[in-house]
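The lines below spell out each chain.
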Amino acid sequence: MRLAFCLTLLALTSMLHADDKDYVLGPDSERHEGVPKGTVTHHQWKSQIFEGTVRHYSVYVPAQYTPDKPAALMVFQDGHTYVSETGKFRVPIVFDNLIHKQEMPVTIGVFIDPGFKRETLPAERGWNPRPENRSFEYDTLSDQYARFLLEELLPEVQRSFKITDDPERRAICGISSGGICAFTVAWEKPDSFRKVLSHVGSFTNIRGGHAYHAMIRKTPNKPLRVYLQDGSGDLDNEHGNWPLANQEMAAALKFKGYDYQFVYGTGGHNDIHGGAVLPDAMRWLWRDVR
């Protein structure tokens, strides 16, 4: 079955837009002497909710974490691209710097890759080989992925670490199809997640996601805070136009009076612009929880 999400996976690593050069990483994405360094551990998980799938995931724990005080939580889809310290997002470095400066709360990060439909995982994490269950998990408009988080994977993490149950201190993030997935989780379960960060989100008709802007307008407001990032050089294919779709999402959120931020640039379907603005996105998302 030919789906454009296969192309988006490749695009995230290879598709550069002419104006991507305008976006550079700032000091919050770099290591600094004297900043306490958190720890990152890597794990595997075999799911029952997504039966027959296995996946990689990682857990970041900041140096300031103590078990007597439940930490805030942030979950990342396509976790490999966010947890890497050599890519564009470099979340462990950004978290270390912002937590140290008290510009975000002490936050445990959980970085989850999509499911592979096989018995054993590829040795290396990344976009290739393609996780067979990615589009089903991320692009489907249902509560199944939220249930996977809340009933399976997060309870496993909470066996080792104290994480808050306060939805105002729980955020979720993703790129491309992972971006719409993040929004879907919070939309379906606002009592568990109320902060959303979407990078070049696929709010297009891969599996019905183009309906969200109309659903937002017609549904009573939910207690969400939403940060959207996209660029004019994003994708345009048989599933829709990504820049227009993100503008429609922003317009719907504005119409309904949501607490939202839309950062629209000139870049393509990749992590370059999103990585450059990530520290500011974190400060905005967590501005009242520090």
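Note that the structure is a prediction, hence the values are computed from the model and not measured. (Residues numbered from 1 in each chain as written. Predicted model: local features only at pLDDT ≥ 70, side-chain atom pairs only at ≥ 80, totals over all residues. Heavy atoms only, no water.)

1. Describing the overall build of the chain
Of regular secondary structure, the chain possesses nine helices and ten strands. Here the C-alpha atoms of the chain give a radius of gyration of 17 Å, agreeing with the 19 Å that 2.2 N^0.38 yields for 290 residues. Considered along the principal axes of its C-alpha atoms, the chain spans approximately 50 × 40 × 40 Å. By sequence separation, contacts in the chain at least 24 residues apart represent 79% of the contacts at least 6 residues apart. Of the roughly 11,800 Å² that the chain leaves accessible, carbon and sulfur atoms contribute 50%. Charged side chains of the chain number 33 positive and 36 negative; the gap between the two group centres comes to 3 Å. (Helix = DSSP H or I, 4+ residues; strand = E, 2+ residues; numbered from the N terminus. Rg over C-alpha atoms; globule rule 2.2 N^0.38 Å. Contact = heavy atoms within 4.5 Å. Areas by Shrake-Rupley, 256 points an atom, 1.4 Å probe, with all protein chains shown as cover. Lys, Arg positive; Asp, Glu negative; His and termini not counted. Charge placed at Lys NZ, Arg CZ, Asp CG, Glu CD.)

2. Structural notes on helix α5 (residues 144-158)
With 15 residues, α5 should reach 21 Å at 1.5 Å per residue; the first-to-last C-alpha distance of 20 Å fits that figure. A bend of about 35 degrees at Leu150 is the largest found in α5. (Expected span 1.5 Å × (residues − 1). Bend = angle between axes of the 7 residues up to and from the residue.)

3. Re the pattern of salt bridges
Inspection of every chain in the model, using the stated rule, returns 20 salt bridges. Notably, a salt bridge pairs Asp28 with Lys101, separated by 2.8 Å at the nearest N-O pair. Here the residue Asp28 occupies a position in the loop between α1 (4-14) and β1 (39-46), and Lys101 occupies one in the loop between α3 (91-100) and β4 (107-112), the gap between them amounting to 73 residues. Look at Asp28 and you get buried, because its relative accessible area is 12%. Residue Lys101 is classed as partly exposed on the basis of its relative accessible area, which comes to 41%. We note a salt bridge from Arg134 to Asp78, for which the minimum N-O separation is 2.7 Å. Within this pair, whereas Arg134 is found in helix α4 (residues 134-139), its partner Asp78 is found in the loop between β3 (72-77) and α2 (79-83), the two being separated by 56 residues in sequence. (Salt bridge = Lys/Arg side-chain N within 4 Å of Asp/Glu carboxyl O. Buried < 20%, exposed > 50% of the residue type's maximum accessible area, 1.4 Å probe, protein only.)

4. Considering the pairing of β3
Among the six residues of β3, six are classified as buried, and the element is accordingly described as predominantly covered. Burial of β3 is two-sided: the residues Ala72, Met74 and Phe76 facing one way and the residues Leu73, Val75 and Gln77 facing the other way are all buried. Where β3 meets β4, six bridges bridge the pair, whose relative direction is parallel. Within β4, the residue paired with Leu73 across the bridge is Ile108. Bridge count for β3 against strand β5 (residues 170-175) is four bridges, and the pairing is parallel. Bridged to Met74 within β5 is Ala171. (Pairing = 2+ DSSP bridges.)

5. What about the sheet that holds strand β6 (residues 195-199)?
Paired through their backbone hydrogen bonds, the strands of a sheet run either parallel or antiparallel. Reading across from one edge, β1-β2-β4-β3-β5-β6-β7-β10 is the order of the eight strands in this open sheet, with mixed pairing throughout. For this open sheet the edge positions go to β1 and β10 (259-268), each flanked by a neighbour on one side alone. Across the sheet, the mean angle from the axis of one strand to that of its neighbour is 15 degrees, orientation sign disregarded. Bridge count between strand β7 (residues 225-233) and β10: eight bridges; the pairing is parallel. Looking across to β10, one finds that Leu228 is bridged to Phe262. (Axes fitted to C-alpha atoms, helices over the stretch in contact; angles between N-to-C directions.)

6. Looking at the side chain of Lys195
One can find Lys195 in strand β6. Since its relative accessible area comes to 1%, Lys195 is described here as buried. Here Glu168 takes part through its backbone oxygen, which lies 2.5 Å from a polar atom of the side chain of Lys195. Beyond its immediate sequence surroundings of up to four residues, Lys195 is in contact with Glu168, Arg170, Ala171, Ile172, Arg225, Leu285, Trp286, Asp288 and Val289. (Polar contact = N/O pair within 3.5 Å; in protein donor to acceptor, adjacent residues only side chain to side chain.)

7. With respect to the packing of α3 against helix α9 (residues 272-285)
Where α3 meets α9, the closest approach of the two axes is 10 Å, and the angle between their N-to-C directions is 50 degrees. When the axis of α3 is compared with that of α9, the two are oblique. Handedness of the α3/α9 crossing: right-handed. Mapping the contact onto sequence places Val91, Val94, Phe95 and Leu98 in α3 and Leu278, Pro279, Met282 and Arg283 in α9. (Parallel < 35°, antiparallel > 145°, perpendicular 65-115°, else oblique. Left-handed = near helix turned anticlockwise from the far one by under 90°.)

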